[in-house]
Amino acid sequence: MSTAATASHHYTTTGLDNRKIAIWAFIGSECMLFVSLISTYLIYKGRSRVGPFPHEIWKDPATGHVFNPILNIPVTSASTFVLLMSSLAMVLALAAVQNKGKPQRTMGDRILGSSKLWLFVTALLGATFLGFQAFEFTSFVHEGLTIKTNLFGSTFFTLTGFHGAHVTAGVIWLLSLLMIDIKRGLGPDDALNVDIMALYWHFVDVVWIAIFTLIYLIR
Amino acid sequence: MATTVIGPNVGTGVDTGIETGVPGLKPFTPSPAPATVHSYKGGIWSWLATTDHKKIGTLYLFTALFFFLVGGLEAEILRMQLGAPNRHVVSPEMYNQLFTMHGTTMIFLAIMPLSAAFFNFLIPLQIGARDVAFPRLNAFSYWVYLFGGLFISIPILFGHGPDGGWFGYVPLTTRAYSPGINIDFWVLGLQILGISSLAAGFNFITTIINLRAPGMSLMRMPIFTWMSFVTQFLIVLSFPIITIGIFFLLMDRFFGTQFYEPAAGGDPLLYQHLFWLFGHPEVYILVLPAFGLVSEVLPTFSKKPLFGYPVMVYSGILIGFLGFGVWAHHMFAVGMGPVADSVFGVTTMLIAIPTGVKIFNWLGTMAQGQVRFTTACLFAAGFVALFTIGGISGVMHSSPPADLQQTDSYFIVAHFHYVLFGGSIMGIFAGIYYYFPKLFGRMMDEKLGKTHFWLNFVGMNLTFFPMHFSGMYGMPRRVYTYDSGQGWDVFNRMSTWGAYLIGVATLVFVFNFFKSRRMGKPAGPNPWGAGTLEWTIPSPPPPYNFAVLPTVTSRYPLWEGKEADVESARINQQSGKTAEQLGIVLPYDTIKPMFAAFFLVLMFVGLMTNRWLLAGAAGAMTISLYAWLTSPLEPEHH
Amino acid sequence: MIGSPRLRRLIPLGTVAVLALALAACARDYPNTTFVPHSDLGRAIDFLWKRLLLFGTAVFILVEAALIFIIWRYRRRNDDIMPPQTHGNVPLEITWTLIPAVILAFIAVPTVRTIFVTQAKAPAGAMVIEVYGHQWWWEFRYPQYNVVTANEIYIPKGRTVDFVLQTKDVLHSFWIPQLAGKRDLIANHINHIWFTPDAKMATTVWNGFCTEYCGTEHAQMHFRVVTVEPAQFGSWVTHQQAPGFFNASVTPANPPGATPAIVAPTNAPIPEQAGVSAIRMAQPNVTPPPPPATPTVTQAQLASFILPRTSVPAYAIPHTPLPSEISFNDRLVGDATNGEKLFVGAGTCNACHAVAGNALAAGVIGPNLTHVGSRIAIGAGMYVNDAPHLARWIKNARIMKPGNIMPTLGKGQYDPQAKTVTSTGLSDPQIADIVAYLQALR
Ligand code: HEA
Ligand code: HEA
Ligand code: CUA
Ligand SMILES: [Cu+2]
């Protein structure tokens, strides 16, 4: 983190901070990562030899047991909404950090101006999303879909698991920013740190939108 | 018109006078070569803890050269086995491990890191920067590479080396058909090395975009930096793909997923697509830096600027783009159907055009010049000669029906050794001979150098040219032995003799390298009379590289530069001052990145052996990462 | 500096070039050459290859000559000369962008045409041969004749063959250099490669190889293809359909009556100069002959064509030396009848191997041995098929072919995979009996 303090003193060609460029390169790379994961899911879609399946009912010929479609669209829609909201909170957190020091007259100003609050809310919503995912995973396992069951299970858990890991990393990152904010308070010259965090967070969010549409909504 | 001679007159003892081509430019007398050469001071610690891109580059160079010798030694054993029919120098199992590790070592542990050595050492010098964008991340990349390299290389010493071929096709590499730990080392090792390359990729992209000295516009960037720039994008965009492709295999092997489980409907072709989507860009990752080095060497020794600089830049970018659209030419035999075969065949052929443009521009650079055949220049010329051969056989593969006879035969082995050895390695050797003086402040021995070149050149052709024939006469690749009377004996004998010759050549090089480092002639700032920025500073460069950041006004500041260039060159060559004296802040030395890297690799070991080790290593890694991120990069300065 | 770089560069390049021509000249010594195709597909590929070679050589000569000339003409003469500081030349750049583009067009067009011709569906009436890859041997099935064999196939000249490629385990690749290109065997995919061997060609044996790395013994996964006259093929089929039986007198003769209807040669050799026409594939319009009524042994004995050993070319006979580790008393004379008992008894051979006509021997893990005695080689082309090799193979297959899943059957033999010495197993005399039995299965 503290690279921020010093690196900004150096001459740069574009005037931008190094980390701003690095994070974009990183996100570009991450795109290829998720593209590979998502396209694998789509390629294997409908190729599973045994159920349960995402959208279709499956009757196990051996046991005669009937498996319902696995995906639970309503619940996931809720978690998607939560993640979207977290992006909004992230925006407010960044704004709050950037406007530190500006006079805060009304109650509203004070609420909007509290970076601690919004960092916390973002982290909380992120954690909530993870909670949803934990619930989703466990219920799938109960319904009889594990990562070993079939191609659907392998691709689904790996893809969403990868995304979950990114959210987790994001939440940890957010909390460490929150700690710094509580310890010494984040000011405008820390804005870049939060800015980069925000870029990452929004990226993870966008990836989820893609996953939600391609995996959950489209049959 | 008034002519000004820039560049000292030392080292090779040949006149390196170059016109500036700038009328009325005052003569510039550089500081003469010092009698003694200051080498990097400080003991082992200063290497473990360094964040100096030059020292890290040196570390890369030595490590990669070591792995080159290892990979070469493996090749020598391969050739020993194939020297005659039905020979049994090593067991079939060991042979399969040897060719797998030979390919893996040469590609991931030798050539890529050799290029990385030049990225590290050169890019900041060529763009007029004091270091890379993230010095500690840079150190981290190196240490991950070193530990990862050992992780993947050591098992073969115990007969447990990876044995799935360098592209580890499934289902052969799944648990069902490779129950041993051999493939585990390969799967995890490649993940580790991927981390190293990716971290370096982000670092250099940022460095090149953001740390160029004033006036160093993109179209003034030295061509090596340009080709490295393209390479970094290829790395950053292609490594995630193989990371996923191999991650699936990892999941299958360790956690019982079904990605590549034929019984569950898993598709071996998915793996092949994911691998080659990375694999083909990878081959350009291997050769573009060599392109760059050759493009630096030829102008200097022809006393002419690079011919068609803009075209060289654009063709490099175009090759990078096309490189992502041809991967399936490695899969012409899998039966993708006529449409796919046609598309990939044609896109593959297209790449010949920008590459050809490069070849012709190199010829154009030498033409009308005063070409001085130092060892470096010999290697560069040899590169042009040999890479062309490899390229042409490449185009022969690109016709799918024709490739049905060529694929997986020794004809392919011939192709890729002409492009990899004749291309990448020759180019990198050109770079080593050319930049050795800048690295160590001493000249390499030209006599030994030329011996190295000619032994290498003859040996190389003797080894790999006959493979065209053994291949087209029906010899499959990756066979631990072959029967007599198949018409392959003579070619294989030639290849084996050739390999021994290359081995001797390489030993000559190793000897020359260490001898010259100790007792080579002091070089001085610009022994070759080159024109680019890295030659405006002492050899070896001081820790801060540039006493004053230069203001660049042309592609070859020392040849075509205006007053400003010459002025900053003069100041920068007055070495001796320390960073403190000049008031330049440099990053602290720190050992934290090394620890982070070490525990990262230990985590992978844990994943293979026991959970507690995994947990412990993860914890230690988090701690060292935290310590790293919370400690300042460099002293505060106001 | 160095004397004449041209000379020094010419030496290696020259030598290789000369040697290249010298070797390309005599194809006879190259039994697996791809330069002398014997099928329509092979010729279609060869047509492209010749064109690629032509342009490739042209470009090679052009570039290397230019390089050598420049090196010689512009090598440093005098340090005071300051060469012209040229930066580039647009017309030149355009020229050397267009010329390669044109050359590539001349390659791309026939390439694409050939792709679509050679990858069309196999013509109706083609003879189907199902190919199953195993680590590390080949299983062949003739569904139209219900014939099953291993590592060795007979195909009639002039008749289109459609190979249907599947794998039982990892990837393999099917290659007969003199007849056609490669096609991979891939799990969950069914691949085809089809071609028509020339009607006018020698009755002889071609080597086939596995060309996709498939594990330890990838190097020893060969097979043999025997191209025969249609009549001989019919006779061979009849023989293969017969159950395994002792002492079949194998006569190279082939009485017409005894042979099922066979298609006449369908494609006249195609002139190579005919340019594009050379890549048109033969489209025989014939219907597969009805599988003949399963013949009686005697009938098969009458007409059982097998390429006599004497006319098997040397390159088709393996020379792999015997591992010194395995000792065997080659003077032992086995008793086939007892061997048959051991085959399904103490030997437990039937656990993996099938012998048609022997109800007890129906294993599917290993090669079908119904007519093993008539085959040229054993171990997927690794060893010549004679008593000493068979005996040692049975005694310790895992030393004969490392990685082999066939168990070590000899008593007191070291099993390199289990890393133990077998306590039970077959004695040398028993092995000799089994060998006698297998050799009798002609
Ligand atoms: C440095 C690495 C490198 C480079 C640069 C290249 C360059 C090229 N490669 Fe190569 N290739 C490999 C490394 C490389 N390759 C490796 C390692 C493998 C094997 C992997 C494995 O299986 O293990 C492989 C395999 C491989 C295959 C798969 C073969 C098979 O397995 O069946 C093919 C098929 O199209 C191919 C094609 C090409 C082409 C068309 C180029 C082109 O980029 C070449 C372009 C250059 C020229 C053509 C010469 C200069 C041009 C002119 C002088 C202009 C005029 C020329 C013409 C008009 C022809 N390569
Ligand atoms: C840049 C990459 C590169 C380089 C430089 C080389 C260099 C060499 N390669 Fe390799 N090769 C590959 C990349 C490379 N190769 C790849 C990717 C494969 C495919 C693998 C696969 O199929 O999976 C391959 C496969 C391959 C094969 C085919 C194996 C098979 O299919 O069965 C052969 C066979 O001859 C071979 C030979 C050689 C030889 C003789 C050299 C020579 O140039 C080596 C020169 C020798 C040295 C540099 C050693 C000198 C040092 C000493 C003699 C002793 C000193 C040593 C110490 C002190 C440690 N290579
Ligand atoms: Cu089967 Cu290689
Ligand atoms: Cu490729």
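Above this text you will find the structure in question.
A short tour of the structure in this document, coming up.

What counts as what
- Residues numbered from 1 in each chain as written.
- Chains lettered and ligands numbered in written order.
- Predicted model: local features only at pLDDT ≥ 70, side-chain atom pairs only at ≥ 80, totals over all residues.
- Heavy atoms only, no water.
- Contact = heavy atoms within 4.5 Å.
- Buried area = accessible area lost by both parts, 1.4 Å probe.
- Salt bridge = Lys/Arg side-chain N within 4 Å of Asp/Glu carboxyl O.
- Polar contact = N/O pair within 3.5 Å; in protein donor to acceptor, adjacent residues only side chain to side chain.
- Helix = DSSP H or I, 4+ residues; strand = E, 2+ residues; numbered from the N terminus.
- Nonpolar A, V, L, I, M, F, W, Y, C, P; charged D, E, K, R; others polar.
- Near = heavy atom within 4 Å.

### Thoughts on the interface of chain C and chain B
Thinking step 1. Across the contact, 103 residues belong to chain C and 108 residues belong to chain B.
Thinking step 2. Summed over both partners, the interface of chain C with chain B buries about 9000 Å², with 68% contributed by carbon and sulfur atoms.
Thinking step 3. For chain C, the biggest contributors to the area lost against chain B are Y74, W96 and Y213 of chain C; these three give 8% of the whole.
Thinking step 4. At the junction of chain C and chain B, the tally comes to zero salt bridges.
Thinking step 5. Run the count over chain C and chain B and you get 32 residue pairs in polar contact (both at pLDDT 80 or more).
Thinking step 6. When residues in the side of chain C that touches chain B are grouped by element, the largest group, 15 residues, is from helix α2 (residues 40–73) of chain C.
Thinking step 7. For the side of chain C that touches chain B, the class distribution of residues is 58 nonpolar, 28 polar and 17 charged.

### A closer look at the site of ligand 2
Residue and element names in this part refer to chain B.
Thinking step 1. Of all residues adjacent to ligand 2, which total 35 residues, the nearest are Y95, H102, I111, H417 and R478.
Thinking step 2. In the environment of ligand 2, an oxygen atom lies 2.9 Å from a nitrogen or oxygen atom belonging to the side chain of R477.
Thinking step 3. Separating an oxygen atom of ligand 2 from a backbone N or O atom of R478 is a distance of 2.7 Å.
Thinking step 4. For the shell around ligand 2, the elements supplying multiple residues, two or more each, are α2 (53–82), α3 (92–127), α12 (410–440), α13 (446–472) and α14 (489–519).
Thinking step 5. At eight residues, the largest contribution of residues to the shell around ligand 2 is made by α2.
Thinking step 6. Tallied by class, the residues present in the shell around ligand 2 amount to 23 nonpolar, eight polar and four charged.

### Let's talk about the site of ligand 1
Thinking step 1. Neighbouring ligand 1 are 33 residues; W166, Y284, D403, T407 and H415 of chain B lie closest to it.
Thinking step 2. More than one chain approaches ligand 1, the contributing ones being chains B and C.
Thinking step 3. A distance of 2.8 Å is found between an oxygen atom of ligand 1 and a side-chain nitrogen or oxygen belonging to W166 of chain B.
Thinking step 4. H415 of chain B is positioned such that a nitrogen or oxygen atom in its side chain is 3.0 Å from a nitrogen atom of ligand 1.
Thinking step 5. Those elements giving two or more residues to the shell around ligand 1 turn out to be α7 (268–302), α9 (338–366), α10 (375–397) and α12 of chain B together with α2 of chain C.
Thinking step 6. Its residues assigned to classes, the shell around ligand 1 comprises 18 nonpolar, 13 polar and two charged.

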